[in-house]
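Residue-level structural notes
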Amino acid sequence: MDGEVILKDVSNAGLVVSDRIGREIAGHIDLEESLEASRYSSHPYSSHPREWPPLVEVLNTWELPPVLIQRYNAAGGEGTALCGIFPEIRRAWASVDNSLFIWRFDKWDAECAEFSVDEQAICAVGLAKAKPGVFVEAIQYLLVLATPVELVLVGVCCSGRGGKADPYVEVSLQPLQEYTISSDGVTMTCITSTANGHIFLAGRDGHLYNLQYSNGLGWQNRCRKVCITGGLGSLISRWIVPNVFKFGAVDPIVEMVVDSERNILYARSEEMKLHVYSLGPNGDGPIKKVAEERNLIAHGGRQSAGSRTPRPTKCSVVCMSPISTLESNCVHLVAILSDGRRMYLSTSPSGGNNGGLEWRPSCLKVVSTRPSPPTGGALSLAGRSQSDDFALKIESAHYSSSVLVLSDSSPSALSSLLIVKRDSISQSPASGSLGPGPQSSRALKESVVSLPVDGRMLFVADVFHQQDTASIVQSLYSESGLCGYQCPHESSENASLKLWARGDLSTQHILPRRQMIVFSTMGVMEVAFNRPVEILKRLLESNPPRSLIEDFFSRFGAAEAASMCLMLAARIACTETFISNAVAERAADNFDDPRVVGMPQLEGSGGPSTIRNVSGGFSMGQVVQESEPVFSGAYEGLCLCTSRLLLPVWDFPVFVIRSGSPSSDSVPKDGIISCRHSLAVMHLLEDKVRSLEKFLRSRWNMRRGLHGYVAGKGNITGSILIGSGSDLVAGDRSMTQNLFGSRDSREGEFSSKKQRIPYSGTDLAAMEVRAMECIRQLLLRCGEALFLLQLLSQHAVVRLVQSFDENDRQAVVELTFNQLVCSEAGDRISRRLIYALMEYYTSSDGRGTVDDISNRLRDGCPSYYWETDRMFYVAVECLKRAANASGTEEREALAREAFNHLSKIPAFADMRSVCKLFEDLRFYEAVVRLPLLRAHALDPDGDAFNDQLEVAVREHALSTRFQCYEIVANALRSIKGEATGRDSRSTFQPPIQPALDQASKRKYICQIIQLGVQSSDKIFHEYLYRTLIDLGLDDELLQYGGPDMVQFLQNSGRESAQQAAGPSASSQTSPMGQSRVPLLSHQIKYTELLARYYVSKRQHGLAAQILFRLAERRSDAGNTPTLEQRYQYLSNAVLQAKSAIGSENFHGFSGGGADAGLLDVLEDKLTILQFQMKIKNVLETTASNIEASRSESADGEPADSVLLLRAKAQELSTEVKSITQLYNEYALPFELWEECLKMQYFASYSSDADSSIVRETWARLINKSTHKGGIAEACDVLKRVGSQVFPGDGTNLPLDTLCLHLEKAAQERVATGVETVGDEDIARSILAASNGTIETVLNTYDQLLSNGAILPSPILRLRILRSILVIVREWSMSIFAQRMGTSAAGASLILGGKFSAGHTMALNEGIRDKITSAANRYMTEVKRLPLPAQQTTPIYIGFREVEESLMSPSPFERM
């Protein structure tokens, strides 16, 4: 009970208050419904208990002013005299002939103003509100005086005196000479006006007139009279025929009343005709007559059950009065008859909610007739027989807000006032439960009081509230619907009067007691109506016997009576006199007295009861419902009092948007946000709420009532007050079921046929005390909320929310008082507003320091402003000083101080904005560590690290942490130059800092990384690493990353530690098997960084494996590496593998077999990838060529072959293929013989079967080349391919087959003239294909020459010998190059021969002899050819020259 507020308890109590407020609003019954229910009630009236203080009492009586009496006596009592009351200006008036007297009716000050007109007597007087813009501002009202010849407007000026709050101390009358017009011979009978200043006059000619006035700037007169009921004929008649010659019967209008809510004018004539006029949608016309009732009394209406048949005497309508929308939406008018009956009428043909603005009157019908009250007032109809004389003779009457005042002058009684008002006892909750049924509880029941009066009652009016009281009441209840429909021009005093229609019980805490002024022939009498709270106060003042108090509680019910005791004890009842300590103490004692308020008990446990079925017999097998706890009247009274206090504000927004100019929109979108209520309203409500909470706290401290009972039952810190007792739930009786947890379900302890008793008396008492404590906390919280709203209003809410974004502004405008008090959302918005308030208060143009405003917040609303808040704002103040500091050291010291403060409260709200200011100050230690501290504070149990928790719980914890981590990421983005945007809600002004150069950027980025790595938060490490990678800060990550960075990269790239460990000597898993896994795009980045990290750490073997994995990865959707990218990865992997062989330490092993094996694999993979790239390019080129040729032939449709080529090329682009796939599925089907030969060589074909395949492939290649470009093309292909696949053993290069094939083809093409083939082309291509191995080539040619079956043709043999000559010459050139010390090419140039470059041989005698012998042998072969000499001689000479050159000692001399 130390004032601490627990939001959960407040929320639970808020549910109770919401429920009670809903009941309070729903409990208001429409007058039509009450009248309908009264038809079935036999006791419509009741009498006030004689033992109680009076219900109505006379406060003061004043005689009429002497000057008025003298003037009346001087006229001999025969002059024209009128009287009335103007409650708007607190004045009574009376006229005698042509003089009007006006004086203050509620306090006699011996001042009586007199105003006289011309000689004619005043026949009607009215008061109207002055229209704005016509007269000077001082003229607030217009006095309308009518004489038989003219109509006069008089200005009324009201003012205070000496700074007093009463603005009606002085009233002066200002003649308006230009606003007097002729009456045109019409004598006016009555005058009335609307709330917006329209003046209506009723003439004795039976017509209604509208008196219009203006400032005279237009073409119209300043003042004119317009007839609104007569037609054109009536107008001409009035102008031409004088009234003296009009002999027709005239029914003059004798009374007019205006319904300002529904904009209806009612008029009554002498013949009891009622006329209904519509004044237009807003009461400003056009005026239209909508209904007329000529025989109202004959229609009668539905009578109540207790009504009596009146005597057959003629009765008339004495008075009529509009019914406010607060009383009824269906009943619009009440007419009081001379026999005391009331006729309730409606202008709507059917019932329903007819109080809306769109509704218009259309008829006039009688809804119900209320019987006349009993004579004598003190007697009840229940005690009278039907034969008694109940006849009343009513001379005048007045009705207002459910109160009827009748002037009875019947012969059987002295002149008296009968006052009829709703019975407050019937409105209490207890009375409704005592009736026989629902109809009885809703029936209209009224109390009748008789007051003797001297003279005749002439006029009655309500006394308006003081202006400040009326303004407060109107502000509180205007938008809650409790004041009915609010007229735009209606005064606050008049609007507040209508609240009385709700009854005394629901308004006696905010409204003073009702008072009326009765103007009689003998003077003025002030009458006051004592409400139940005044009656209880009088009873307690007299220290009555207990029986009276018990009777009071019995009549009103324990809850209602306890509520009134609470209002007196807490001094929150609106009373005219101070509530003494004795009264307050006695009220408190009764509030705690279980003899009158009862004790908490189980429902139905008040006495023994027998469960019976509907038919009246016993039900042995019926299930018995468990009893629910029912709290005492003290608790229910507290709920009533609290709900009535908070009802006007509870479910309504605390802020509104006010537009600068009037608008038809209900809520302007653009305008000024301000508090809904004024400071005076909130201060008054705060005082009452705090007084009530203070009283409840004092009762606990003094251990009074149930508090003392519970406090004496052992340790109350357990289940009674502090334990699980905060589990208050919503509802009424069921709300208490889970107050202290669930009940014990002990089966077998009680019989199912007996009523279970789940709670003891102590438990029930503890539950009620706990529930009352929750209500007390709610009151405390409400008082603090009202204080906070006042503080915000004093500092202009619109200024505080100007930095809010659209969503926050909308949340502020939609925030209700209930949410502000009870919800976390309201708590969050309030802290946001306090934050803005502190920003304004501590700004350069503010009003003080943090301590100044903190003290006010801490004292006035501690539950909204914590000590941590003060520490936060002190830190903010340090940051602002740091931003304005000129020196670097001072700035850093202030930033350090702010950081130290904030480190103690890491869960503060505006972390993002504060860290942004630290960032602007270049104090990145706070930018990193504060979010990490906040993450730990928001997830203290480390749920984000616990994989065993539910997914939703862990995801929420991770999301909370990520929001904190994002602040650090934004700082990195800001330094990097990527704009993150400042929080629009922040009002911080960043210091002006110079732009960062690249060196400074790198410095701060490295600082953030190092600070982040120092944290033990592994989740943050991963978040930081990802952020650095996303920002492209790879170098910084690799250089400053923590020890867990490698593991992070491995996990992110889906690479296990075993895969990164490298192959071991005993491992049988190849790198290829580890690499063929798909990788996502973000995983590729992580894997590349891991490879870079290994390279930087000189772990080349691991880097090679990572690169190999990247090259061999499988493609997935949207992530397909090109073959060029794969080639680059493999090339780099080969380089790293080669570096690993030469390094001293390769993952724990020295360079050896493991390194060499990895290198061999990588090199083979690189070669196969080259095959794939070549095949893909060939397929694409072929497809393009086909398409180009088809386009030239104007055939637009692609051929099937093109589509197939494109598809196959696409297949090669997406996945890495094996050499078997490349050979069998791509190279062989598409006759890519060159690639086939290369792959055969790579695969080391060596068997006989392989040899035949190789020969066949070469043959196809040569044929394809010859067909494409002739022998020259075939020779070029042979040179290019043969040099790559020649192994030295002839396995992959069948020279004999190639030589024979080319020579035959050349001979045939030369013989047919298809192509000219050079003598040296084939020989040199064979030499080039065999990499210059001359002896191997010569051996091949020798084999061909020796086999006559292969070369049967002399011409072909001659051609082969010509090719052999070329080879022998090449051989000899290599010898000369050796002797001359130059290259073979140089020797060829010197000696004039042609020599292949790059090949030399050692010169020795054996080789020379061999060449000479071969030349000699070939000369013999030439001679043996059976061909003409001209064909063989050149070849023979060539061999001989080679022989001679080798045999000569100095070939240079010969040359």
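Residues numbered from 1 in each chain as written. Predicted model: local features only at pLDDT ≥ 70, side-chain atom pairs only at ≥ 80, totals over all residues. Heavy atoms only, no water.

**A closer look at the overall build of the chain**
A count of helices and strands for the chain gives 51 helices and 33 strands. When the 1455 residues of the chain are sorted by exposure, 51% land in the buried category. Restricting the contact set of the chain to residue pairs at least 6 apart, pairs at least 24 apart contribute 66%. When the accessible surface of the chain is totalled, it reaches about 65,000 Å², and 50% of it is carbon and sulfur. (Helix = DSSP H or I, 4+ residues; strand = E, 2+ residues; numbered from the N terminus. Buried < 20%, exposed > 50% of the residue type's maximum accessible area, 1.4 Å probe, protein only. Contact = heavy atoms within 4.5 Å. Areas by Shrake-Rupley, 256 points an atom, 1.4 Å probe, with all protein chains shown as cover.)

**A look at the nonpolar core**
In terms of nonpolar packing, the biggest core is built from 221 residues, with F655, F817 and F918 touching the most fellow members. Examining the composition of this core, we find that 17 residues originate from one element, helix α19 (residues 761-794), more than from any other. Setting aside residues up to four positions removed in sequence, F817 forms contacts with L646, V649, W650, F652, V654, C782, A785, L786 and L789. In this structure, A1209, Y1223, F1286 and I1364 belong to the second largest nonpolar core, which totals 78 residues. (Core = buried A, V, L, I, M, F, W, Y, C linked by side-chain atoms within 4.5 Å.)

**Overview of the environment of M838**
Relative to the elements of secondary structure, M838 occurs in helix α23 (residues 824-841). Since its relative accessible area comes to 1%, M838 is described here as buried. Separated by 38 residues in the primary sequence, M838 and V876 place their C-alpha atoms 9.4 Å from one another. Those residues in contact with M838 that lie beyond four places of it in its chain are V850, I853, S854, L857, Y865 and Y873.

**Focus on the environment of R1369**
The residue R1369 is located in helix α47 (residues 1354-1380) in this model. Remark: the alpha-carbon pair of R1369 and E1441, spanning 72 residues in sequence, is separated by 9.3 Å. Setting aside its immediate chain neighbours within four residues, R1369 contacts G1438, E1441 and V1442.

**Some words on the sheet that holds strand β4 (residues 91-96)**
Across the sheet, which stays open at both edges, the four strands sit in the order β3-β4-β5-β6 with antiparallel pairing between neighbours. Only two strands of the sheet have a single neighbouring strand rather than two, namely β3 (81-86) and β6 (112-116). With direction set aside, neighbouring strand axes in the sheet form an average angle of 20 degrees. Summarising the sheet, strand β5 (residues 99-104) and β6 pair through five bridges and their orientation is antiparallel. (Pairing = 2+ DSSP bridges. Axes fitted to C-alpha atoms, helices over the stretch in contact; angles between N-to-C directions.)

**What to know about the sheet that holds strand β21 (residues 342-346)**
Sheets are built from strands paired through backbone hydrogen bonds, the pairs being either parallel or antiparallel. Strand order in the open sheet formed by four strands is β19-β20-β21-β22, with antiparallel pairing between adjacent strands. Each edge of the open sheet carries a strand with a single partner, namely β19 (317-322) and β22 (365-370). Strand-to-strand twist of the sheet, defined as the mean angle between neighbouring strand axes without regard to direction, takes the value 25 degrees. Direction of pairing for β19 relative to strand β20 (residues 333-337): antiparallel, over a ladder of five bridges. Residue pairing across strands places V317 opposite L337, the latter belonging to β20. Sitting on the sheet, helix α2 (residues 31-38) touches β21 and β22, and the angle it makes with β22 is about 55 degrees.

**A few points about α23**
Taking 1.5 Å as the rise per residue, α23 with 18 residues should run 26 Å; its terminal C-alpha atoms sit 25 Å apart, in good agreement. The element α23 is extensively covered by neighbouring structure, given that 14 of its 18 residues are classed as buried. (Expected span 1.5 Å × (residues − 1).)

**Observations regarding unusual backbone geometry**
Its identity as a non-glycine residue notwithstanding, N263 has a phi of 60 degrees, on the positive side. You can see N263 is positioned in the loop between β15 (253-259) and β16 (264-269). Even without being glycine, M272 reaches a positive phi, approximately 65 degrees. Among the structural elements, M272 can be located in the loop between β16 and β17 (274-278).

**Some points on the confidence of the model for the chain**
When pLDDT is averaged across the chain, the result is 79; 78% of the residues are at 70 or more. Segment residues 377-389: pLDDT under 50, and 22 contacts once partners within four positions in sequence are set aside and those in other chains are kept. Counting interchain partners and residues more than four positions distant, the pLDDT-below-50 stretch residues 607-622 has 12 contacts. (pLDDT = per-residue confidence, 0-100.)

**Considerations on the state of the cysteines**
One pass over the full model with this rule turns up zero disulfides. Free of any disulfide, C782 has its nearest cysteine sulfur in C822, 6.6 Å distant. On the basis of relative accessibility, which here comes to 0%, the residue C782 falls in the buried class. (Disulfide = S-S within 2.5 Å.)

**Structural notes on the pattern of salt bridges**
Per the stated rule, a full pass over the model turns up 65 salt bridges. Between K289 and E292 there is a salt bridge, and its shortest N-O distance comes to 2.7 Å. In this structure, R1002 and E1036 form a salt bridge, with 2.7 Å as the shortest nitrogen-oxygen distance. Note that R1002 is positioned in helix α30 (residues 998-1014) and E1036 in helix α32 (residues 1034-1040), a separation of 34 residues in sequence. Judged by relative accessible area, R1002 falls into the partly exposed class, the value being 32%. Ionic contacts of the salt-bridge type, sharing partners, join the residues D19, R20, R23 and E636 into one network. (Salt bridge = Lys/Arg side-chain N within 4 Å of Asp/Glu carboxyl O.)

**Considering the pairing of β15**
Counted residue by residue, β15 has six buried out of seven residues, so it is predominantly covered. Where β15 and β16 come together, six bridges link them in antiparallel fashion. Across the sheet, I253 pairs through a bridge with S269, a residue of β16. The turn joining β15 and β16, which pair antiparallel and follow one another in sequence, is formed by four residues; a positive phi near 60 degrees is taken by N263.

**A look at the packing of aromatic side chains**
Two aromatic rings, taken as a pair, are described by how far apart their centres are and by the angle between their planes. By the definition in use, this model includes 26 aromatic pairs. Plain terms: the ring middles of W52 and F552 are 5.3 Å apart, the flat faces sit at 45 degrees to each other, and that makes the pair tilted. Of the two residues, W52 sits in the loop between β1 (45-46) and β2 (56-62) while F552 sits in helix α12 (residues 546-556), which places them 500 residues apart along the sequence. Per residue, the accessibility class of W52 equals that of F552, and both read buried. Pairing F631 with Y635 gives two aromatic rings, centres 4.8 Å apart and planes at 85 degrees, and the pair type is edge-to-face. Per residue, the accessibility class of F631 equals that of Y635, and both read buried. Among the aromatic residues, those joined into a ring-pair cluster are Y835, Y865, F872 and Y873. Cation over ring: R370 sits above Y45, and NZ or CZ is 5.1 Å from the ring centre. For R781, the ring lying beneath its charged end belongs to Y864, and the centroid distance is 3.8 Å. (Phe/Tyr/Trp six-rings, centres within 6.5 Å; stacked < 30°, edge-to-face > 60°. Lys NZ or Arg CZ within 6 Å of the ring centre and 35° of its normal.)

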